[in-house]
Amino acid sequence: MIPVNDDQQPDQQPDQQSHNQHHPHTFVNEETNKQARRSYQWFKSPNIAWILCAKMLLSLSLGIGAGPNLEIFTEIICRGYYHDRPNDFLSPPSGANTTASVLHNNPLSLVQATGYSSDSFGSCTGDPLDQVQVAKVGSMFAIIGGILSFFTIGWWGGYMDRYGRTRILVLNIFVVILHDFLTLIVFFFPNNVPGGYWILVITPIMEGVLGTPSTLGAAETAYMRDVSEPHELSRNFSFLISIFPIGGVLGPIIGSFIAERTGAVITVLYATTIVHLLYASIVWFLMPESVSDTSMIHARNRYASKLVSAIDINASPFRRRILVFAKAFWDSFPLYVLAPKRSPNPRWKLDCDLTLLALSAGLINVIMVRGEVFQYGLYNFKWSSVELGYFISASGLSTAIFLTTILPIVVSVLKRAPANLQHTESARRDVVFDLILLRVSSLTVAAGYALMAFAPTGLIFTLCYMITSFGQGFIPAVQSIALNLYANASGQDNAGRLLSAMDLCYGLGARLFGPIIFGAVFANTVSFFPTAIFWTAVACALTIFLLLGFIRLSSLPSARDPDAEERNEDDPNPEMEPLLAHA
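Residues numbered from 1 in each chain as written. Predicted model: local features only at pLDDT ≥ 70, side-chain atom pairs only at ≥ 80, totals over all residues. Heavy atoms only, no water.

1. Notes on the environment of Leu354
Reasoning step 1: With respect to the helices, strands and loops of the structure, Leu354 is situated in helix 16 (residues 353-367).
Reasoning step 2: Given a relative accessible area of 12%, Leu354 falls into the buried group.
Reasoning step 3: With 199 residues separating them along the chain, Leu354 and Leu553 place their C-alpha atoms 9.5 Å apart. (Helix = DSSP H or I, 4+ residues; strand = E, 2+ residues; numbered from the N terminus. Buried < 20%, exposed > 50% of the residue type's maximum accessible area, 1.4 Å probe, protein only.)

2. Comments concerning the packing of aromatic side chains
Centre distance and the angle of the planes are the two values used to describe a pair of aromatic rings.
Reasoning step 1: Under the defined criterion, the tally for this structure stands at 23 aromatic pairs.
Reasoning step 2: Between the aromatic rings of Phe381 and Phe461, the centroid separation amounts to 5.3 Å while the plane-to-plane angle is 50°, which identifies the pairing as tilted. You can see Phe381 sitting in the loop between helix 17 (371-380) and helix 18 (385-414) and its partner Phe461 sitting in helix 20 (residues 458-468), a full 80 residues away along the chain.
Reasoning step 3: By relative accessible area, Phe381 is classed as buried at 15%.
Reasoning step 4: Where Phe402 meets Phe470, the ring centres are 5.2 Å apart and the plane angle is 75°; that geometry is what we call edge-to-face. Here Phe470 lies in the loop between helix 20 and helix 21 (474-490) and Phe402 lies in helix 18, a separation of 68 residues in the sequence.
Reasoning step 5: Above the plane of the ring of Trp155 lies Arg162, whose end atom (NZ or CZ) is 5.4 Å from the centre.
Reasoning step 6: Over the face of the ring belonging to Tyr303 we find Arg162, whose NZ or CZ atom lies 3.7 Å from the ring centre. (Phe/Tyr/Trp six-rings, centres within 6.5 Å; stacked < 30°, edge-to-face > 60°. Lys NZ or Arg CZ within 6 Å of the ring centre and 35° of its normal.)

3. What about the packing of helix 10 (residues 214-226) against helix 11 (residues 233-262)?
Reasoning step 1: Running from N to C, helix 10 and helix 11 cross one another at 140°; their axes reach a closest spacing of 10 Å. Regarding the angle of helix 10 to helix 11, the classification is oblique. Note that helix 10 runs across helix 11; the crossing there is right-handed. Across the interface between the two elements, Glu220, Thr221, Met224 and Arg225 of helix 10 pack against Leu233, Asn236, Phe237 and Leu240 of helix 11.
Reasoning step 2: Class assignment of the residues belonging to the contact of helix 10 with helix 11 gives a composition of four nonpolar, two polar and two charged. (Axes fitted to C-alpha atoms, helices over the stretch in contact; angles between N-to-C directions. Parallel < 35°, antiparallel > 145°, perpendicular 65-115°, else oblique. Left-handed = near helix turned anticlockwise from the far one by under 90°. Contact = heavy atoms within 4.5 Å. Nonpolar A, V, L, I, M, F, W, Y, C, P; charged D, E, K, R; others polar.)

4. A few points about the packing of helix 8 (residues 165-188) against helix 9 (residues 202-210)
Reasoning step 1: Closest axis-to-axis distance for the helix 8/helix 9 pair is 9 Å, and the angle between their directions is 175°. Compared by their axis directions, helix 8 and helix 9 come out roughly antiparallel. Taken together, the residues of helix 9 that come into contact with helix 8 (itself represented by Leu171, Asn172, Phe174, Val175, Leu178, His179 and Leu182) are Ile202, Thr203, Met206, Glu207 and Leu210.
Reasoning step 2: Of the residues belonging to the contact of helix 8 with helix 9, the class tally is eight nonpolar, three polar and one charged.

5. So, the side chain of Ser242
Reasoning step 1: With respect to the secondary-structure elements, Ser242 resides in helix 11.
Reasoning step 2: Discounting residues that sit within four places of it in the chain, Ser242 has contacts with Ala400, Leu403 and Thr404.

6. Overview of the side chain of Ser214
Reasoning step 1: Relative to the helices and strands, Ser214 is located in helix 10.
Reasoning step 2: Residues within four places of Ser214 in sequence aside, it is in contact with Ile153, Asp503 and Arg511.

7. So, the pattern of salt bridges
Reasoning step 1: Using the criterion set out here, one finds five salt bridges in the structure.
Reasoning step 2: A salt bridge links Arg165 to Asp226; the nearest nitrogen and oxygen atoms lie 2.8 Å apart. Placement of the pair is Arg165 in helix 8 and Asp226 in helix 10, with a sequence separation of 61 residues.
Reasoning step 3: The class of Arg165 is buried, set by a relative accessible area of 1%.
Reasoning step 4: For Asp226, a relative accessible area of 4% corresponds to the buried category. (Salt bridge = Lys/Arg side-chain N within 4 Å of Asp/Glu carboxyl O.)

8. What about the nonpolar core?
Reasoning step 1: Counting residues in hydrophobic clusters, the biggest one holds 102 residues, and the most contacted among them are Leu357, Ile367 and Phe461.
Reasoning step 2: No other element matches the 12 residues that helix 19 (residues 423-454) contributes to this core.
Reasoning step 3: With near-sequence residues (within four places) excluded, Phe461 lies in contact with Val373, Tyr376, Phe381, Trp383, Phe391, Met452, Ala455 and Phe534. (Core = buried A, V, L, I, M, F, W, Y, C linked by side-chain atoms within 4.5 Å.)

9. Re a nonpolar patch on the surface
Reasoning step 1: On the surface, a nonpolar cluster with roughly 680 Å² of combined accessible area is contributed by Leu397, Ile401, Ile406, Ile409, Val410, Val413, Leu414 and Phe470.
Reasoning step 2: Relative to the assigned elements, Leu414 resides in helix 18. (Patch = residues over 30% accessible without salt bridge, like charges linked within 9 Å, V, L, I, M, F, W, Y side chains within 5 Å. Areas by Shrake-Rupley, 256 points an atom, 1.4 Å probe, with all protein chains shown as cover.)

10. Notes on helix 11
Because an α-helix packs 3.6 residues into every turn, residues spaced three or four apart end up facing the same way.
Reasoning step 1: Under the 1.5 Å per step criterion, the end-to-end length of helix 11 is 43 Å for 30 residues, consistent within 8% with the ideal 44 Å.
Reasoning step 2: Bending of helix 11 peaks at approximately 25° at the position of Gly247.
Reasoning step 3: Looking at the residues trailing helix 11, positive phi occurs at Gly263, about 70°. (Expected span 1.5 Å × (residues − 1). Bend = angle between axes of the 7 residues up to and from the residue.)

Structure representation (structure tokens):
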């Protein structure tokens, strides 16, 4: 695509031209398009109801299939492992009604092959060798998807800016549906599938190529951001995040009901597949795109201009392709988006605000919802699986109540700007409020984990853990601040790139560094100092609080105001006055 000068765009809206000339403080979704969409009926225009409905369907499917999917995966690996082991393991124990034996005689026998009876799955779940193989295959699949997504998630973040959010949602749900069908095929026809259960590796490869699930989460967040006013971002993001724990509470109940009524665990997979197909149909055929055609055209033109600038006319065709690929890769590399940039404020050389926000977001995901906390409950309070289930449900319910009720009310009351404030002053006030919310959230999490270390009973331990739920406002606030700072620093509306990079930080914290840090601490201290994991979490939360103290908000308009520079000429800490004034 040949880049087109923005000033020569025949279909460019006046508000878009104003944005290109003045870089106003927040987002590029044209006001003319917003006003036109408000005149439509709600189901014909993008709004928060669409993305909340889609998120609820996906969260329910995850909750419904969480346990049964693991059981089905274990059975598939077990049957394949029996086939690969010596002859004395090829046949199930005498009299055992295992899935492998039933399917050997009748591959389409649904209920017999998938019942919950102890005989059906006992030969797999009770064999340590099978469990080791399941763990190895599961870890291998996770590593493959994680490595690939690390290099692709940034590109897909820019892609959603150029071609829309709904296209990313459809591509990602396609991978989930592909996984469902591959699982069904391997389950019913294990001997007719090339490679056996190894054909399931197609799913993590596709997930890695598409950056799933990080790009899916980034697209959902970007859609919510597109349909929200700047002062509503924190509240609406909290609504979006609260859907996941609600699905986590309702989903397992629905899944258990389906399995008990049908007597077959495979019917749960049928149910989740139907939900995924319903999700794909809604997104593809009904859900309006939140990014206007004008914005997508400008994003594609900017991307093409960057690629053209990397071409050396004197280079060979092969070298030109290499240069274009290198430019595209580096420009979309997630960590490049979050790297320190030259500060617009002459007082500082670098603007590290986004970098500090990303580090804080990754670190908060290291300590939130740690499996080692569950292990501590089992070890210290001698909980059973039923009591652990109550603990998990209570924490999920408290999180959902906080994100859907308490936090939105607090944000609506305290974030209400006076009518006489100018646009830039109101925008800065919103960001300062979110920054204060981040600091309060980090201290709340630290207090909750500190109290858990002293909890004498399981009930008090559960109540203390519920206190950490009141720190869940961190993620909505950090997303709101990052979007504001990035829009002002870059002068462009590449929200997809930023949110994809932030999602990568969340994943690195929750799925890589979190298990490494807390797993090592718990394994090495459980015998003599089991509460060490809580003090480690307290240290991480206090580190987050310190990192947030170095955020200067230097890219916001008021920080670059020449009059503000003169007013604060003798102030050694020019950011302190507005922070305290708006607090």
